[in-house]
Amino acid sequence: MKRFLSGVLVLLLAVPAARVDAEPPADTGFEKRVAAANDRGAARLKGRQKRNGNYPAFSEGLAPGTFNPMDVGVNALVVLTLAHSGVKRDDVAIKKCLNFCRTHYAGDPTKGSWDLKGSGRLSVYVASTLIMALIEVNAPGGGRQPRVKRDRYGKPVPPKRRPACKMSSSDKRWIKELVRFVVTNQHEASGGWRYPGNPVDSVEADSDLSNTPYALLGLDAAARCGIDAPVETWIRAGEHLLREQEEEGLEVPVWIQDEDWVEGSEGDRYREIGTTQA
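Residue numbers run consecutively from 1 along every chain, following the written order of its sequence. For this predicted model, a pLDDT threshold of at least 70 governs which residues receive local features, and a threshold of 80 or more governs which side-chain atom pairs are given and counted, while totals over whole chains, interfaces and linings are taken from all residues. Note that the side-chain values use all heavy atoms of the structure and ignore hydrogens as well as water.

**Considering the side chain of Gln-49**
Step number 1: Topologically, Gln-49 is positioned in the loop between helix 3 (28–47) and helix 4 (71–84).
Step number 2: Only protein chains enter the area calculation, which uses a 1.4 Å probe; residues under 20% of their type maximum are buried, those over 50% are exposed, and those in between are partly exposed. Gln-49 sits in the buried class, given a relative accessible area of 18%.
Step number 3: A polar atom in the side chain of Gln-49 sits 3.0 Å from the backbone oxygen of Ala-93.
Step number 4: Contacts between residues were defined by any pair of non-hydrogen atoms, one from each residue, lying within 4.5 Å. Look past the residues within four positions of Gln-49 in its chain and what remains in contact with it is Asn-54, Tyr-55, Ala-93, Lys-96 and Cys-97. Each helix corresponds to a stretch of at least 4 residues labelled H or I by DSSP, and each strand to a stretch of at least 2 residues labelled E; elements are numbered beginning at the N terminus. Distance and chemistry together define a polar contact, namely a pair of N or O atoms within 3.5 Å, with one atom able to donate a hydrogen and the other to accept it when in protein, and with adjacent residues in sequence counting only for side-chain atoms on both sides.

**Digging into helix 5 (residues 92–105)**
Step number 1: Between the first and last C-alpha of helix 5 there are 20 Å, a value that for 14 residues agrees with the 20 Å anticipated at 1.5 Å per step.
Step number 2: Buried within helix 5 we find Ala-93, Ile-94, Cys-97, Leu-98, Phe-100, Cys-101, His-104 and Tyr-105. Mapping the buried residues of helix 5 onto a view down its axis gives an arc of 150°, with all of them on the same face.
Step number 3: Backbone nitrogen of Ala-93 and a side-chain oxygen of the N-cap are separated by 2.9 Å at the start of helix 5; the cap is Asp-91. For a helix, the expected span equals 1.5 Å multiplied by the residue count minus one. Taking the helix axis as origin, the arc is that swept by the directions to the C-beta atoms.

**Remarks on the state of the cysteines**
Note on terminology: a disulfide is the covalent bond linking the sulfur atoms of two cysteines.
Step number 1: In plain terms, two cysteine sulfur atoms within 2.5 Å form what is called a disulfide here. Overall, the coordinates contain one disulfide when judged by the stated rule.
Step number 2: Covalently, Cys-165 is tied to Cys-225 through a disulfide, its sulfur atoms 2.0 Å apart. Handedness of the Cys-165-Cys-225 disulfide follows from its S-S torsion of about -75°: it is left-handed. Here Cys-165, found in the loop between helix 7 (124–137) and helix 8 (169–184), pairs with Cys-225, found in the loop between helix 9 (211–224) and helix 10 (231–244); they are 60 residues apart in sequence, far enough to count as distant.
Step number 3: A relative accessible area of 25% means that Cys-165 is categorised as partly exposed.
Step number 4: Exposure remark for Cys-225: the relative accessible area of 16% places this residue in the buried category.
Step number 5: Summary of cysteine pairing: Cys-97 is not part of a disulfide, and the nearest cysteine sulfur, belonging to Cys-101, is at 4.7 Å.
Step number 6: Accessibility expressed as a relative area gives 1% for Cys-97, which makes it buried.

**Some words on the packing of helix 7 against helix 9**
Step number 1: For the pair helix 7 and helix 9, the least separation of the axes is 8 Å and the interaxial angle reads 30°. By the criterion of interaxial angle, the relationship of helix 7 to helix 9 is roughly parallel. Our pair here, helix 7 against helix 9, has a crossing hand that is left-handed. Here Val-124, Tyr-125, Ser-128, Thr-129, Ile-131, Met-132 and Ile-135 of helix 7 lie close against helix 9, whose contacting residues are Asn-211, Tyr-214, Ala-215, Leu-217, Gly-218, Ala-221, Ala-222 and Arg-224.
Step number 2: Any residue that is not Ala, Val, Leu, Ile, Met, Phe, Trp, Tyr, Cys, Pro, Asp, Glu, Lys or Arg is counted as polar, Gly included; the first ten are nonpolar and the last four charged. Here the residues of the contact of helix 7 with helix 9 are counted per class, giving 10 nonpolar, four polar and one charged. Fitting a line to C-alpha atoms yields each axis, with helices limited to the stretch in contact; the angle taken between N-to-C directions then spans 0 to 180 degrees. By the definition adopted for this analysis, an angle is roughly parallel if under 35 degrees, roughly antiparallel if over 145, roughly perpendicular if from 65 to 115, and oblique otherwise. Two helices cross in a left-handed way if the nearer one is turned anticlockwise from the farther one by less than a right angle. They cross in a right-handed way if the turn is clockwise.

**Comments concerning the confidence of the model for the chain**
Fine structural detail should not be taken from predicted coordinates in areas where pLDDT scores are low.
Step number 1: Taken as a whole, the chain shows an average pLDDT of 84; of its residues, 82% reach a score of 70 or greater.
Step number 2: As a per-residue quantity, pLDDT reports the predictor's confidence and falls between 0 and 100. Per-element averaging of pLDDT across the chain places helix 2 (residues 16–19) at the bottom with 44 and helix 5 at the top with 97.
Step number 3: Under a pLDDT of 50 for its full length, residues 16–24 has, in the predicted model, 23 contacts with residues more than four places off or in other chains.

**Notes on the nonpolar core**
Step number 1: Put simply, a nonpolar core is a bunch of buried Ala, Val, Leu, Ile, Met, Phe, Trp, Tyr and Cys residues held in one set by side-chain atoms that sit within 4.5 Å of each other. In this structure, Leu-82, Leu-130 and Ile-131 are the most contacted members of the largest nonpolar core, which totals 52 residues.
Step number 2: Put simply, the parts of the chain that give this core at least two residues each are helix 3, helix 4, helix 5, helix 7, helix 8 and helix 9.
Step number 3: In terms of residues, this core owes the most to one element, helix 7, which gives 11 residues.
Step number 4: Those residues in contact with Leu-82, other than ones at most four positions away along the chain, are Ala-42, Leu-45, Lys-46, Tyr-55, Val-87, Ala-93 and Ile-94.

**Brief notes about the packing of aromatic side chains**
Step number 1: By convention, a stacked pair of Phe, Tyr or Trp rings (six-membered ring in the case of Trp) has centres within 6.5 Å and planes under 30 degrees apart, an edge-to-face pair has planes over 60 apart, and any other such pair is tilted. All chains considered together, the criterion is met by five aromatic pairs.
Step number 2: Ring plane angle 85° and centroid distance 5.6 Å describe the contact between Phe-100 and Trp-114, whose orientation is recorded as edge-to-face. A residue pair is termed long-range when its members are at least 10 positions apart, and Phe-100 in helix 5 and Trp-114 in the loop between helix 5 and helix 6 (116–119) qualify at 14 residues.
Step number 3: An angle of 50° between the planes, with centres 5.4 Å apart, marks the rings of Tyr-105 and Trp-174 as tilted. In this pair, Tyr-105 sits in helix 5 while Trp-174 sits in helix 8, placing the two residues 69 residues apart along the sequence. Per residue, the accessibility class of Tyr-105 equals that of Trp-174, and both read buried.

Put into C-alpha cells, the structure is as follows:
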C-alpha cells in the first residue's frame, strides 16, 4: 500500500517538469525522457485498476463487507494523477474510478454504496482530494496543461486570457457541495483542519499541518474555477499557519551545481558551499 501511494505521489509531482520550460527550450532529450517516464507511470497506474474501477488502498485485507472511508480519497488522488499526466476525462480508467468515488460518496447502502455523505463518514481529506480530482479532469485542455511561456529572461509571461473551466452541471454542484463541507469543518478557533478520530499516537489537537494543507489545496483548486470559499476561511487558515510556524528553522546545507560535473560521470553533481537557517 505504501509503495502504491508513493508511486502515485512521485508521478504527480514529476509531471510539471515535463510541462514547464524556459525560452529557449531546455534539453529536449531530457524532456522526452521525462514525458516517456510519465507515460509509463500512467500506464502502470491503469494496470493496477481493479474490476470495480478502484485502486488498492486502506481497505485491502479487511474483512468482507468492511471498508475504510479514506479509500475514496486515495482513488481521487489516482484520478488527479492520471488527469495531471494527460489522461483525458473520457478515458475508461478515469471514468471507472470517478464512478467508484461517486458511488461511495453518496448512494443507497442496500445497493453497495458506502454513502459517506449520508452516514456522516465523509472527511476533509476525502472531500479535498475529490475537489482536486474533479477540477483537474475538467481543466482546460482536459488533463495536461499548456507549457508556461517565458520571456527572454526566463520570467513567466501570464496568459492574456485565463481559459474558462468547462464542466457538467452535476460536477459543479458536487464541487460546490464539497467546498461547503470543507469550509464548514474548519475549526473556528484555530483556523485549521484535523483528521477525524485521531487514530495514531499523536498529540490531541484541534488541527494538524497534514490535513490543513489538503483542505487548502482543495479550496485553491475550486477557486481556480470560480468556486470560492469565504474570505474569512482563508484569513483564519493563514493566521493559523503563521502562528504554527517556527521562529527559526533547522540549519541546513546549501548546495550549488559543480561546474566541473559531467553528465554520466561518477562524481557528485552538486557540492556543499555552506549552511543556512531554513
